[in-house]
Amino acid sequence: MQLVVARIGRAHGIKGEVTVEVRTDEPELRLAPGAVLATDPASTGPLTIATGRVHSGRLLLRFEGVSDRTGAEALRNTLLIAEIDPEELPEGEDEYYDHQLIDLDVVTEDGTEVGRITEISHLPSQDLFIVERPDGSEVMIPFVEEIVTEIDLEEQKAVIAPPPGLIDDRAVIDSNRDES
């Protein structure tokens, strides 16, 4: 399975380094020196990482065969794609790769169908499941332990305990009427 692990940004300096926008939770594994990555557009790659370092909070990479600013700038906006074994699991318990969560059915603890995860949104404070409901509308569910109580990859489902108003707008409307 192929997954986008980074996007190349602007050139940095004159020796062929580029900034990268990291799109993986494991950059030390996926973006390590020696890693060979496919690219989008495919004509740019494959690229082999020669060196990597962090500078002012940004990851800088240099690729084999790219030794100057012109070559580095030509790579701008290229997506870096790693080949991942679909059965591979993250090291930490209760950690998941996005591809493992996409298409899981979402149900409440009492078995009520909520929908299907179509996307994972990675925000600074927490991750969100973007869930498509059976009627085609979407709901965002924070991927936090208090709300997502179980991920069952074998059964292909995520079980949630939503607070009032998270998945049912009527609960918020009804509670507002009670206060009036």
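- Labelled according to an unreviewed UniProt entry, the protein chain appears under the name Ribosome maturation factor RimM, originating from Streptomyces diastatochromogenes.
- The UniProt entry for the protein chain carries this comment under Subcellular location (unreviewed entry): "Cytoplasm".
- Under the Function (unreviewed entry) heading, UniProt states for the protein chain: "An accessory protein needed during the final step in the assembly of 30S ribosomal subunit, possibly for assembly of the head region. Essential for efficient processing of 16S rRNA. May be needed both before and after RbfA during the maturation of 16S rRNA. It has affinity for free ribosomal 30S subunits but not for 70S ribosomes."

Observations concerning the sheet that holds strand β2 (residues 17-22)
Then step 1. Taken together, six strands build a closed barrel; the order of strands is β1-β2-β5-β4-β3-β6 and the barrel is antiparallel. With strand direction ignored, the average angle separating the axes of adjacent strands in the sheet is 50°.
Then step 2. The sheet contact formed by β2 and strand β5 (residues 58-63) spans four bridges and is antiparallel. Looking across to β5, one finds that Val18 is bridged to Leu61.

Quick word on unusual backbone geometry
Then step 1. Residues Asp40 and Pro41 are joined by a peptide bond in cis, for which omega reads 10°.
Then step 2. Inspection of the secondary structure assignment puts Pro41 in the loop between β3 (36-40) and β4 (47-55).
Then step 3. Omega for the peptide link from Gly45 to Pro46 comes to 0°, which places this bond in the cis form.
Then step 4. In this structure, Pro46 sits in the loop between β3 and β4.
Then step 5. At Asp103, a residue that is not glycine, the phi angle is positive and equals roughly 80°.
Then step 6. Residue placement: Asp103 occurs in the loop between α3 (98-101) and β7 (105-108).

Notes on the pairing of strand β1 (residues 2-12)
Then step 1. Pairing between β1 and strand β6 (residues 79-83): five bridges, direction antiparallel. When the sheet's bridge partners are listed, Val4 is paired in β6 with Ile81.
Then step 2. Pairing geometry for β1 and β2, over five bridges, is antiparallel. Across the sheet, the residue bridging to Arg7 is Glu21, located in β2.

Analysis parameters
- Residues numbered from 1 in each chain as written.
- Predicted model: local features only at pLDDT ≥ 70, side-chain atom pairs only at ≥ 80, totals over all residues.
- Heavy atoms only, no water.
- UniProt positions renumbered as here; feature names shortened; annotations may be inferred.
- Pairing = 2+ DSSP bridges.
- Helix = DSSP H or I, 4+ residues; strand = E, 2+ residues; numbered from the N terminus.
- Axes fitted to C-alpha atoms, helices over the stretch in contact; angles between N-to-C directions.

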